[in-house]
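Chain by chain, the residues:
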Amino acid sequence: MEEDWDTELEQEAAAASQGRSEEQAWMANSGRPNSPSLRFSSRPSSPLSGFPGRPNSPFFGFSQNKGSLGANEGLNRSLPVQHDIGGYSGSRESVVRQNREDQPVTRFGRGRSSGSRDFQERNSANDPGMQDQGFRRVPGIFGQSKCFNSEERNSPLRGSPFAPGGRGAVGGPAGVLKGRSEEIDSGRGPKVTYVPPPPPEDEQSIFACYQSGINFDKYDECAVEMSGLDPPAPLLAFEEANFAQTLRKNISKTGYSKLTPVQKHSIPVIQAGRDLMSCAQTGSGKTAAFLLPIVDRMMKDGVTASFPKQQDPQCIIVAPTRELINQIFLEARKFVYGTCIRPVVIYGGTQTGHSIRQIMQGCNILCATPGRLLDIIEKGKISLVEVKYLVLDEADRMLDMGFGLDMKKLISYPEMPSKDRRQTLMFSATFPEEVQRLAGEFLKTDYIFLVIGNTCGACSDVQQNILQVPRLSKRDKLIEILQSTGGERTMVFVDTKKKADYLAAFLCQENLPSTSIHGDREQREREIALRDFRSGKCQILVATSVASRGLDIENVQHVINFDLPNTIEDYVHRIGRTGRCGNTGKAVSFFDDQSDGHLVQSLLKVLSRTQQEFQFGGRMAVQRTNIVASTWCPKGLMQAVAEWNPREMRMSYSETTFKSWE
Ligand SMILES: Nc1ncnc2c1ncn2[C@@H]1O[C@H](COP(=O)(O)OP(=O)(O)OP(=O)(O)O)[C@@H](O)[C@H]1O
């Protein structure tokens, strides 16, 4: 999970303070006759009729979901069967523990939220009444159960992969009830036993990649800014990099023939031994920009894996989410192919023993999520003395409140070479100023700061649309869009884990094959969800921000922000799941005056910078940097536009026009 642990809690708390959650709102919304929400809101005994005040309730965070997901006794009765059939070994508690292992957020970060979460979970776990209800059971709708009772048969979820008895592939944290007492007794969850399946070893699978798109050459039009003393000259072509022969072969097997701008500029900086903070738009090849020169150096230095009791990797790469770090590992595997350099990936939610075994088989490039990395270091399984490269992918995220302390801890180990003796590389599509300042602690003073485009630039190949959709109409609007786009691979982002499950189940019910990914799903389920989405088995992936960064999935044509994120950086990363590698994509964001007002200024800035035609609301069109004619637009938006410096946008509205909009 990593990313969304705390932010979602905070959002839930905010929703609670509004006194009415979105799920409740849906329940009350009389839109769809078959909607799961309606079904349960009409039940007189529904706990939703007496919905507890969330902030004060020990069940806050769980009870509300009961109704929205259509939990029923039948589902609950089926849970023990799920354990047997589904072969689950984990539990919700294990997820909590994993998240703690991996998530510095909960350990060091925003303590208030995590503390309250613990409280909620313990209390709800203690209450026998809760065992049959609420959020605990929500994940139970995933996975499979062979027992249908009448209620299940009528379940709106039936026939969907989320339905009981549905596709096992989606799986589900059926263990949600299993480990409950374990947490209470020990304060720790049961051992995580999940061992991820090894990736395919055949050459074709290793080098599988997708085609760059029609706009690939347009990357060259991006403005490039480099600051720092004597930046090395950029490369014009792969040949100029003088890469080792095996690496050259691997690059061509990967299908790369032309460098992207971030590669042109970053590779010579890294080859020159300089530290680098590199910012370039999503999907523009940052991963290869750091991997290629590192692997090249290792090949030239004759690095090979060996098998001492304690491994000493030459390169450590960290990223904020498990799926992303796995993806980076798979990229590294391509470039080292045919050599004795061994990349290894370790991340939370998997058996620690498995991570250790992987490392012990030889480890030159260690790809890790922060929690698991620190764990392994503290277990003495790796030594840091040989680290020459420290790479922070999604560096702004790695340095923010959530992971910043873990990163500091990492560089503070006495064994870790000081910044003068290692090379530190930071990559992201966004670098807010405060993070740029923090980064100084990690980098040598003469580091190079490379910006392709700007430090918070959305991908110009993504056509962005902002639609004003009131909260209660979002679901219908979503269906309308998904039905009109007919089978396009789509990621739908929401603000809470529960909503991700709910929405995925709801979409399945509407015959739109969907799955979900978020931090409360067990790792096995997360990986299955991603696999189903990549393979096209499920055309829609409903996700929290855990999937917003770095994921490179072929042919995602569409991103929908069902809920806008809290920060503009998150928006940029989310919409960057489409329009990758020169391909085009579409992003639609539902804008709700009441909850999204804070984003308006930064949103407009991002939109105007993409220099493309885009739409704001139904009738206001913004072309290039000029807003042209409108008689209507969301009031909240226009107020913010007025506050924002019109000169910067060179907007063409007059004050009278603006007043008439108000
Ligand atoms: N030179 C190249 N030629 C063709 N394809 C490339 C090249 N470099 C990278 N790619 C491909 O482009 C896609 C996006 O690359 P990558 O995931 O590294 O982007 P990114 O900039 O890290 O994106 P994000 O900011 O979302 O993490 C990948 O599928 C990668 O294989």
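Residue positions are counted from 1 within each chain, in the order its sequence is given. Restriction of local features to residues with pLDDT of at least 70 applies here, the model being predicted, together with a cutoff of 80 or more for giving and counting side-chain atom pairs; totals for whole chains, interfaces and linings are based on all residues. To get the side-chain values, take all heavy atoms of the structure and skip hydrogens and water.

## Quick notes on the pattern of salt bridges
So, step 1. Only one rule defines a salt bridge in this text: a Lys or Arg side-chain nitrogen within 4 Å of an Asp or Glu carboxyl oxygen. According to the stated counting rule, one finds 26 salt bridges in the structure shown.
So, step 2. Of the charged contacts in the structure, one is a salt bridge between arginine 521 and glutamate 525, with a shortest N-O distance of 3.9 Å. One exposure class covers both arginine 521 and glutamate 525, and it is buried.
So, step 3. Arginine 580 is paired through a salt bridge with aspartate 552; the nearest N and O atoms lie 2.6 Å apart. Of this pair, arginine 580 sits in the loop between α25 (568–575) and β14 (585–591) while aspartate 552 sits in the loop between β12 (540–543) and β13 (558–561), and the two are 28 residues apart along the sequence.
So, step 4. In this structure arginine 580 comes out as buried when scored by relative accessible area, which is 10%. The cut-offs for exposure are 20% and 50% of the maximum accessible area for each residue type, with area from a 1.4 Å probe on protein chains only; residues under the lower value are buried, those over the upper are exposed, and the others partly exposed. The numbering of helices and of strands both runs from the N terminus, where a helix is a DSSP run of H or I of at least 4 residues and a strand a run of E of at least 2.

## Notes on the site of the ligand
So, step 1. Among the 18 residues in the neighbourhood of the ligand, the closest are listed as Tyr256, Lys258, Lys286, Thr287 and Asp552.
So, step 2. The separation between an oxygen atom of the ligand and a polar side-chain atom of aspartate 552 is 2.5 Å.
So, step 3. A 3.5 Å cut-off defines polar contacts: any pair of N or O atoms within that distance qualifies, except that in protein one atom must be a possible hydrogen donor and the other a possible acceptor, and neighbouring residues in sequence count only when both atoms are side-chain atoms. Taking arginine 580, its side chain carries an N or O atom lying 2.8 Å from an oxygen atom of the ligand.
So, step 4. For this classification, the nonpolar set comprises Ala, Val, Leu, Ile, Met, Phe, Trp, Tyr, Cys and Pro, the charged set comprises Asp, Glu, Lys and Arg, and every other residue, Gly included, is treated as polar. In terms of residue class, the shell around the ligand is made up of four nonpolar, eight polar and six charged.
So, step 5. Both domain 2 (224–452) and domain 3 (462–495 + 544–653) contribute no fewer than three residues apiece to the shell around the ligand. If even one non-hydrogen atom of a residue comes within 4 Å of a molecule or strand, that residue is called near it. Residue ranges assigned to each domain were obtained from an automatic or database domain assignment.

## Focus on the pairing of strand β6 (residues 389–393)
So, step 1. Of all five residues that make up β6, five are buried, and the element is covered over most of its length.
So, step 2. Should DSSP find at least two bridges between two strands, the strands are regarded as paired. Bridge analysis of strand β3 (residues 315–318) against β6 gives four bridges, and the strand direction is parallel. Each bridged residue has a counterpart across the sheet, and for valine 318 the counterpart in β6 is leucine 392.

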